[in-house]
Structure formats: C-alpha cells, structure tokens
Amino acid sequence: MIYVSGLSVALALALVPSFSDALKDGECDVCVGFLDRFYQTLQDNDVKFNSDSIEKALLKACKDAKGKENRFCYYIGATSDAATKMTNEVSKPMSYHMPADKICEKLKKKDTQICELKYDKQVDLSTVDLKKLKVKDLKKILEEWGESCKGCAEKSDFIRKINELMPKYAPNAAKARTDL
C-alpha cells in the first residue's frame, strides 16, 4: 500500500510543471523583446494569425534585424546563412497567441544560446561625459546610428563626429547637453 502511494506521489510530481523552466527576470531579453515587438507589428499590420503567414513575416522582420536580434534570428533559422531551421517553433505557438516569454522558454529547451543573448547597455547621451568613454563605446554609438567615422584616428575625432551627429540621431540628448 505504501509502495502504491509513493509511486502516485512521484507520478503527480512528475506531471506538475516545474518552476525551474520559467524564465527568470532579465533572462532571454533579446528573445522576449524581439518577439513582443514582432507580435505587436503582426497585430498592427493585420496579419492573419496562421503559421505560414507568421513565418513569412518573421523571415521578413529578420532581414532587417541588426546586432543581437540578428543573432537571435540566426539561432532560430530565420536568416539565409543559418544552419538549422526552427522558425516553426516560433510561428506555430504565436498563431495561438502564446506569450513571447512562453515561446522563449520552449526555444531555450531546444537551444540554450537563445537565452544567453543580452542587449548591450544603452549610454545616456544627455548625461555621459564622452571623453570618459572608451573608443570602442564611441564607435558603437556611431554604429547604432548607422554612421562611421572615416579618417578618425584619435578619440577626439570620434567625439567630434558624435557631437556633430547628435542633433540628428538624439535630438533630446543634444538639447540636454551643455558642453556643446
């Protein structure tokens, strides 16, 4: 009798969903962020919520993705150079309106690299002292803006270029800065 009840308890515990599978706060930032925005664009563009149309829209969205989001697209097979293809692991659950964090939990089980992607910290251009940033960070600011600094040899050249372009790409930060 005790053997049967012990077996039933073990079976019951095996069937209860594990809380360790749930995403922790800040985990899978890129996956959740990208899929949340993607879901919102699907709704805004009145895309039919079936697997095929979602997959086509996902492939299109991944063509425009840059940085960490492009790497995420690569991991799920939504880029042309990807070795594997798991886009149906996104499109099918999304057609049922499954939340992005739940989709990312399932993707994490298939490929843990997906949840290792993190967004880079954003620099607050209105308060940061550009002279204290590394050249690597200054280059990253220009890269995020889609600009480059040809002929820049020193840190001061990069700072000058950022100050030139700031009104165009970060007008609020440019107004807030007093050292211009």
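Scroll up for the structure.
Just so we're clear, the structure is a prediction, and the values are computed from it rather than from any experiment. (Residues numbered from 1 in each chain as written. Predicted model: local features only at pLDDT ≥ 70, side-chain atom pairs only at ≥ 80, totals over all residues. Heavy atoms only, no water.)

What should I look at first to understand the overall build of the chain in this one?
Tallying secondary structure elements over the chain gives 10 helices and zero strands in all. Starting at the N terminus and walking to the C terminus, you meet the elements of the chain as α-α-α-α-α-α-α-α-α-α. Counting all 180 residues of the chain, 34% fall into the buried class. Summarising the internal contacts of the chain: among those between residues at least 6 apart in sequence, 55% fall at separations of at least 24. Carbon and sulfur atoms make up 53% of the accessible area of the chain, which amounts to about 12,200 Å² in all. (Helix = DSSP H or I, 4+ residues; strand = E, 2+ residues; numbered from the N terminus. Buried < 20%, exposed > 50% of the residue type's maximum accessible area, 1.4 Å probe, protein only. Contact = heavy atoms within 4.5 Å. Areas by Shrake-Rupley, 256 points an atom, 1.4 Å probe, with all protein chains shown as cover.)

Is there a simple way to explain the environment of Pro99 in this structure?
Looking at the element boundaries, Pro99 is found in the loop between helix H5 (88-95) and helix H6 (100-110). Look at Pro99 and you get partly exposed, because its relative accessible area is 44%. In this structure, the C-alpha to C-alpha distance between Pro99 and Leu35, residues 64 residues apart in sequence, is 8.8 Å.

Help me out: how do you make sense of the nonpolar core in this one?
Nonpolar side chains in soluble globular proteins tend to be buried together. Counting residues in each nonpolar core, the largest one holds 28 residues, and the members touching the most others are Leu35, Phe72, Ile76 and Leu107. Sort the elements by how many residues they give to this core and helix H2 (residues 29-44) lands first, with seven residues. Among all residues touching Leu107, those that are not within four sequence positions of it are Cys31, Phe72, Ile76, Met86, Glu89, Val90 and Ile114. (Core = buried A, V, L, I, M, F, W, Y, C linked by side-chain atoms within 4.5 Å.)

What is the right way to look at H5 in this model?
Buried within H5 are the following residues: Val90, Ser91, Pro93, Met94 and Ser95. In the core, the buried residues of H5 are packed alongside H2, helix H3 (51-64), helix H4 (68-76) and H6.

Would you mind showing me how to read H3 here?
Each α-helix winds once per 3.6 residues, and so residues spaced three or four apart point in a common direction. Counted at 1.5 Å a residue, the expected span for H3 with its 14 residues is 20 Å, and the 20 Å between its end C-alpha atoms agrees. For H3, the set of buried residues is Ser53, Ile54, Glu55, Ala57, Leu58 and Cys62. Buried residues along H3 sit in contact with H2, H4 and H5. (Expected span 1.5 Å × (residues − 1).)

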